[in-house]
Amino acid sequence: WLNFWRAFTHFVGGIGILVLGIAVLPAFGTGSMMLYHAEVSGASTNNRLSPRIKDTAKHIFRIYFVLNIVCFLFYLPDMGWFDAICHTFSTTASGGFSTKNASLGAFSPYAQYVTIFFMLLAGSNFILIFHAWKKDFQKVRYNDEFRFYLVIIAIASLFCAVTLLINNYGIEKSIRESLFHVISVMTTTGYAVSDYIAWTPPLWFILFLLTFIGGCAGSTSGGLKVVRFLLLFRMIPVQFKKIIHQNAIIQVKLNKQNFPEERMFRTLAFFMIFICVYTTGVLLLMIFGMDFESALGASIASLGNSGPGLGSVGPASTYNEVSMMGKWVCSCLMILGRLELYSFLVLLSPAFWKSK
């Protein structure tokens, strides 16, 4: 029952305490609009399914419930009902707790491929899933963030698979384990089918970077979010052009629309805050007795809510040996990462509670 309770907390946390707040807080006259914009900062210019945020939250609830039911039905042929429901809650919520010590490595390749597919969906924007459900595939096909999300996964998985093949892994196993770990780490789910610390160091580095990126905005994943990296990459050439053509008016575009400069600055500020918090976490963990490599991995694994890190907190290890103060640091980082930094700061702002 403890395993079920842990999985159920994923189910509740996956839909997001902030989305619950969006649905409930308007009844109290508080600033739900401010909270909503903080949660989706840097996201697409139209991230709502309805003019009313409360109705948008209801649509997201429905999508989430349907996704859980479908995932459970796919798991049943390879798992008992208990394992199936626990892994469903953990997968769709990008949580990563398993009922087995070997995680998904304790199950067949079929279960691992099912997990790959639903981790991929959970790391996508739920609003795009809604559009796909309504057969509005144009909005999915031409969404810049989603395409960038798939490109990153494809390139990282291909690099890992080729490297594993060179190191005498089988073809199917190389492809499956590469896809699994790349998607698991990038969506901050944290499942594992093997100890990737036993792979070559370049692959550790790839997975380490993916933990920073995270999933799409409007997903159950943590991390910085794909759209913020996309905006950053698009801003760099724009800034070079402005240096050469100082009087030119050139704007960053997202989904064929001009992205407001104010929100671009907010995205850059988020990067800086995230890196500062991450660096502080690394420093504190080293002060409390953790080695440098493990501190690098534990800080981003906690802040990004992915779980497995590097060194002594890799996928084949636990945080049991981390000092008491180190666990407190990781706990604080997990709370900050789950709430999103801007959202946490908004909740602390008196202006949020005074706005009507």
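Model, not experiment: these values are computed from the prediction.

(A) Inspection of the overall build of the protein chain at higher detail. In terms of helices and strands, the protein chain carries 17 helices and two strands. Of the contacts made within the protein chain by residues no fewer than 6 positions apart, 66% connect residues no fewer than 24 positions apart. Looking at the protein chain as shown, the accessible area adds up to about 17,100 Å², and 70% of this sits on carbon and sulfur atoms.

(B) Broad picture of the layout of surface pockets. Computed from the structure, the second largest pocket encloses a volume of approximately 450 Å³. Lining the second largest pocket we find 19 residues, and of these Ile63, Leu67, Ile129, Phe130 and Trp133 sit closest to its centre. Broken down by secondary-structure element, the contributors of at least two residues to the lining of the second largest pocket are α4 (53-75), α6 (109-122), α7 (126-133) and α9 (144-166). If you tally residues by element for the lining of the second largest pocket, the top one is α4, at six residues. Looking at the lining of the second largest pocket residue by residue, the classes come out as 16 nonpolar, two polar and one charged.

(C) Representation of the side chain of Asp83 in the model. Of note, Asp83 is situated in helix α5 (residues 81-92). With residues up to four places along the chain from it excluded, the contact list for Asp83 reads Thr99, Lys100 and Phe107.

(D) View of the pattern of salt bridges. Summed over all chains, the structure comprises four salt bridges. Among the salt bridges present, the one from Asp83 reaches Lys100, with a minimum N-O distance of 3.9 Å. Of this pair, Asp83 sits in helix α5 while Lys100 sits in the loop between α5 and α6, placing them 17 residues apart in sequence. Among the residues examined, Lys100 registers a relative accessible area of 37% and is labelled partly exposed. In this structure, Asp144 engages Arg147 in a salt bridge whose closest nitrogen and oxygen atoms are separated by 2.9 Å.

(E) Layout of helix α15 (residues 324-339). For α15, built from 16 residues, the straight-helix expectation of 22 Å at 1.5 Å per residue is met to within 8% by its first-to-last C-alpha distance of 23 Å. Looking at the residues trailing α15, positive phi occurs at Glu340, about 70°.

(F) Region of the structure containing helix α12 (residues 226-244). Compared with the 27 Å implied by 1.5 Å per residue over 19 residues, the 29 Å span of α12 between its first and last C-alpha is a close match. By the burial criterion, the buried members of α12 are Val226, Val227, Arg228, Phe229, Leu230, Leu231, Met235 and Val238. Packed against the buried residues of α12 are α9, α10 (171-186), α11 (201-213), β1 (253-254) and α13 (261-287).

(G) Seen up close, the packing of α13 against helix α14 (residues 292-303). Following both chains from N to C, one finds α13 and α14 inclined at 135°, their axes separated by 8 Å at the closest point. Here α14 runs oblique to α13, going by the angle between their axes. Remark: the crossing between α13 and α14 carries right-handed chirality. Packed against α13, whose contacting residues are Phe274, Val277, Tyr278, Gly281, Val282, Leu285 and Met286, the element α14 presents Phe292, Ala295, Leu296, Ala298, Ser299, Ile300 and Leu303 at the interface. Looking at the contact of α13 with α14 residue by residue, the classes come out as 12 nonpolar, two polar and no charged.

(H) Up close: empty space enclosed by the protein. By the definition in use, this model includes four cavities of 30 Å³ or more. Put simply, the largest cavity is a space of about 70 Å³. Contributing elements (two or more residues each) for the lining of the largest cavity: α11 and α14. Broken down by element, the residue count for the lining of the largest cavity peaks at four residues, all from α11.

(I) The packing of aromatic side chains, seen in detail. Counting across every chain of the model gives 20 aromatic pairs. An angle of 90° between the planes, with centres 5.9 Å apart, marks the rings of Trp81 and Phe82 as edge-to-face. Judged by its relative accessible area of 25%, Phe82 is partly exposed. Measuring from ring centre to ring centre gives 5.0 Å for Phe212 and Tyr278, while their planes differ by 80°; the resulting arrangement is edge-to-face. Of this pair, Phe212 sits in helix α11 while Tyr278 sits in helix α13, and the two are 66 residues apart along the sequence. The pair formed by Phe212 and Tyr278 is uniform in burial state, with each residue classed as buried. Taken together through their ring pairs, the aromatic side chains of Phe4, Trp5, Phe8, Phe11, Tyr64, Phe65 and Phe89 make up a single cluster. Here Arg6 stacks its cationic end above the ring of Phe97, 3.9 Å away from the centre of that ring.

Conventions and cut-offs
- Counting restarts for each chain, with residues numbered from 1 along the sequence as it is written.
- Predicted model: local features are reported for residues with pLDDT of at least 70 only, side-chain atom pairs are reported and counted for 80 or more only, and whole-chain, interface and lining totals are derived from all residues.
- Heavy atoms throughout the structure, all of them, feed into the side-chain values; hydrogens and water do not.
- Secondary structure follows DSSP: runs of H or I at least 4 residues long count as helices, runs of E at least 2 residues long count as strands, and numbering of each begins at the N terminus.
- Throughout, a contact is declared for two residues whenever any of their heavy atoms are within 4.5 Å.
- With residues, only the protein chains shown are counted as cover, and all accessible areas are computed by Shrake-Rupley using a 1.4 Å probe.
- Here a cavity is any set of points on a 1 Å grid over the protein atoms alone where a 1.4 Å probe fits but cannot get out, and a pocket is any open set with protein on both sides within 12 Å along at least 5 of 7 lines; a residue lines the site when it has an atom within 4 Å of a point.
- Grid points are joined across faces, edges and corners, and a volume is the space filled by probe spheres set on the points.
- Note on residue classes: Ala, Val, Leu, Ile, Met, Phe, Trp, Tyr, Cys and Pro are nonpolar, Asp, Glu, Lys and Arg are charged, and everything else, Gly too, is polar.
- One side-chain nitrogen of Lys or Arg within 4 Å of one carboxyl oxygen of Asp or Glu is enough to make a salt bridge.
- Accessible area is worked out with a 1.4 Å probe on protein chains only. A residue is then buried under 20% of its type maximum, exposed over 50%, and partly exposed in between.
- Expected helix span is taken as 1.5 Å per residue step, with the number of steps being one fewer than the number of residues.
- Axes, fitted as lines to C-alpha atoms, cover a helix only where it is in contact. Angles between the N-to-C directions of the axes lie from 0 to 180 degrees.
- Oblique is the label for every angle not falling under 35 degrees (roughly parallel), over 145 degrees (roughly antiparallel), or within 65 to 115 degrees (roughly perpendicular).
- By definition, any crossing whose near helix is turned counterclockwise from its far helix by less than a right angle is left-handed, and any crossing with a clockwise turn is right-handed.
- The criterion for an aromatic pair is that two Phe, Tyr or Trp rings (for Trp, the six-membered ring) have centres within 6.5 Å, with stacked assigned to planes under 30 degrees apart, edge-to-face to planes over 60 apart and tilted to the rest.
- Geometrically, a charge over a ring is one whose NZ (Lys) or CZ (Arg) sits within 6 Å of the ring centre while staying within 35 degrees of the ring normal.

Note that all results are geometric; they support no functional claim without further evidence.
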